[in-house]
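So the chains spell out like this:
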Amino acid sequence: MQPLLTNRRQALRVLTAGVAGSLALPGWVLAKSDPLVVEVWKDPNCGCCHDWILHMEQHGFKVKVHDTGNNAVRARLGLPAKYGSCHTALVGGYLVEGHVPAADVKRLLREKPQGLGVAVPGMPIGSPGMDGPAYGGRRDSYDTLLVLRDGSSRVFQSHRSFS
């Protein structure tokens, strides 16, 4: 396994590069020792990000939230823009981009594949955080992608709608 941040030196390099310069001790250093700590960067006014965070907490994750900086974190960690969504997270040394289901994150941490992490590009209706009453029970099909270090991806988990 080669998680995204493999040692304290890399973590400090990212910190000093300004990605999370306002933090005394970056949570993704903690995430290396406690894979159930998720550090999230999001817009402070985004309701679907808040709902995704609740989803993660309901599935046993502890969440540390930063209401700014997701674009900077995404760029610094090398995630191509085509995989972007409304929030960026780090857990267990892996990047988690967008509305990734908690079960997929747990599988990522269990299987430890080589790569940057997982992403659900865009904001598919029916994904965690995009599944509230405002969407009227609609559930679109979507894929969670494993994003590889060269910028390519492969399907990590398919989520198909049967409605």
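The structure presented is a predicted model; accordingly, all values stated were derived computationally and were not measured.

Student: Could you clarify how one ought to interpret the confidence of the model for the chain in this entry?
Tutor: Low-confidence regions, as indicated by low pLDDT, have predicted coordinates that should not be scrutinised in detail. When pLDDT is averaged along the chain, the result is 83; 77% of the residues meet or exceed 70. A low-confidence stretch, residues 7–33 stays under pLDDT 50, and its non-local contacts, those more than four residues away or across chains, total 38 contacts.

Student: I keep staring at the nonpolar core and nothing clicks. Help me out?
Tutor: Among soluble globular proteins, nonpolar side chains are generally buried collectively. Val38, Trp52, Met56, Phe61, Val96 and Val105 are the most contacted members of the largest nonpolar core, which totals 21 residues. Of all the secondary-structure elements, those providing two or more residues to this core are strand S1 (37–42), helix H3 (47–58), strand S3 (87–91), strand S4 (94–98), helix H5 (102–111), strand S5 (117–120) and strand S6 (142–147). Those residues in contact with Val105 that sit more than four places away from it in its chain are Met56, Phe61, Val91, Val96 and Val100. One finds Leu77, Leu90, Ala119 and Leu145 within the second-largest nonpolar core, a separate group that totals 11 residues.

Student: How do you make sense of the pattern of salt bridges when you look at a structure like this?
Tutor: Side-chain pairing between opposite charges can occur once the charged atoms of the two side chains come close. The tally for this structure, following the rule as stated, stands at 5 salt bridges. As a salt-bridge pair, Arg107 and Glu111 come within 3.0 Å of each other at their nearest N and O atoms. One end of the pair is Arg107 and the other is Glu111, both in helix H5 and 4 residues apart, which spans about a single turn. Note that Asp140 is salt-bridged to Arg138, the shortest N-O span being 2.7 Å. Asp140 gets classed as partly exposed once you look at its relative accessible area, which sits at 27%. Of the residues examined, Arg138 reaches a relative accessible area of 47% and is grouped as partly exposed.

Definitions and limits used
Residues numbered from 1 in each chain as written. Predicted model: local features only at pLDDT ≥ 70, side-chain atom pairs only at ≥ 80, totals over all residues. Heavy atoms only, no water. pLDDT = per-residue confidence, 0-100. Contact = heavy atoms within 4.5 Å. Core = buried A, V, L, I, M, F, W, Y, C linked by side-chain atoms within 4.5 Å. Buried < 20%, exposed > 50% of the residue type's maximum accessible area, 1.4 Å probe, protein only. Helix = DSSP H or I, 4+ residues; strand = E, 2+ residues; numbered from the N terminus. Salt bridge = Lys/Arg side-chain N within 4 Å of Asp/Glu carboxyl O.

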